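# Breakdown of the fold
Below are the chains, spelled out letter by letter.
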Amino acid sequence: MTATTTPETSGGVPAREITISEFGAQKALGILANSGKENAGVRVFIKSGGCSGYQYGMAIDDRELEGDLIVVDRGVKLLVDRMSLPLLRGSEVDFVENMMGGGFTVHNPNATSACGCGSSFRTDGAQSPDGEGSGGCGSH
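If you're wondering where the values come from, they're calculated on a predicted model, not measured in any experiment. (Residues numbered from 1 in each chain as written. Predicted model: local features only at pLDDT ≥ 70, side-chain atom pairs only at ≥ 80, totals over all residues. Heavy atoms only, no water.)

With respect to the helices and strands, the residue D73 is situated in strand β7 (residues 69-73). Looking at D73, the relative accessible area reads 11%, which means it is buried. Beyond its immediate sequence surroundings of up to four residues, D73 is in contact with R16, T19 and I20. (Helix = DSSP H or I, 4+ residues; strand = E, 2+ residues; numbered from the N terminus. Buried < 20%, exposed > 50% of the residue type's maximum accessible area, 1.4 Å probe, protein only. Contact = heavy atoms within 4.5 Å.)

This is the structure in structure tokens:
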């Protein structure tokens, strides 16, 4: 059984567990359209590792697993597993372009520090799930 968000309201404005920026949605919709997977979405997840303790992960996924949070924002289906949700709550998926290229990123209000490369983070004094996190930027 999967879970779908029922946004809570605060001052009449729906609260979202996770969102995607307009530019991120444009990029994601293009990738999803070319994926060959019907009814696919973007799975956003957290895994232990990196120099700050946790790493972000994203994948195209056409499966809805038990316990998943499913949010449709700007036409993009976002899937988050129940273990990753507490660390991603309130985050925004975005796409950034720079001189080195472009890619998806996560703006996470729960992160209290981040790796210099931006792909790993730590929450307020929390250790990574399995006590790892000393792999450095090159380990992702």
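Now, onward.
For the protein chain, the average pLDDT comes to 79, and 67% of its residues sit at 70 or higher. For residues 6-13, every residue scores under 50 in pLDDT, and the model assigns this stretch seven contacts once sequence neighbours within four places are set aside. (pLDDT = per-residue confidence, 0-100.)

In this structure, strand β5 (residues 41-49) lies alongside strand β6 (residues 53-61), joined through nine bridges in antiparallel fashion. Residue pairing in the sheet places F45 in a bridge with G57 of β6. Across two bridges, the pairing between β5 and strand β8 (residues 76-80) is parallel. When the bridges of β8 are listed, V42 appears paired with L78. (Pairing = 2+ DSSP bridges.)

This brings us to a nonpolar patch on the surface. The grouping of I31, I60 and F104 at the surface amounts to a nonpolar patch, some 210 Å² of accessible area in total. Mapped onto the fold, I60 is located in strand β6. For I60, a relative accessible area of 31% puts it in the partly exposed group. (Patch = residues over 30% accessible without salt bridge, like charges linked within 9 Å, V, L, I, M, F, W, Y side chains within 5 Å. Areas by Shrake-Rupley, 256 points an atom, 1.4 Å probe, with all protein chains shown as cover. Salt bridge = Lys/Arg side-chain N within 4 Å of Asp/Glu carboxyl O.)

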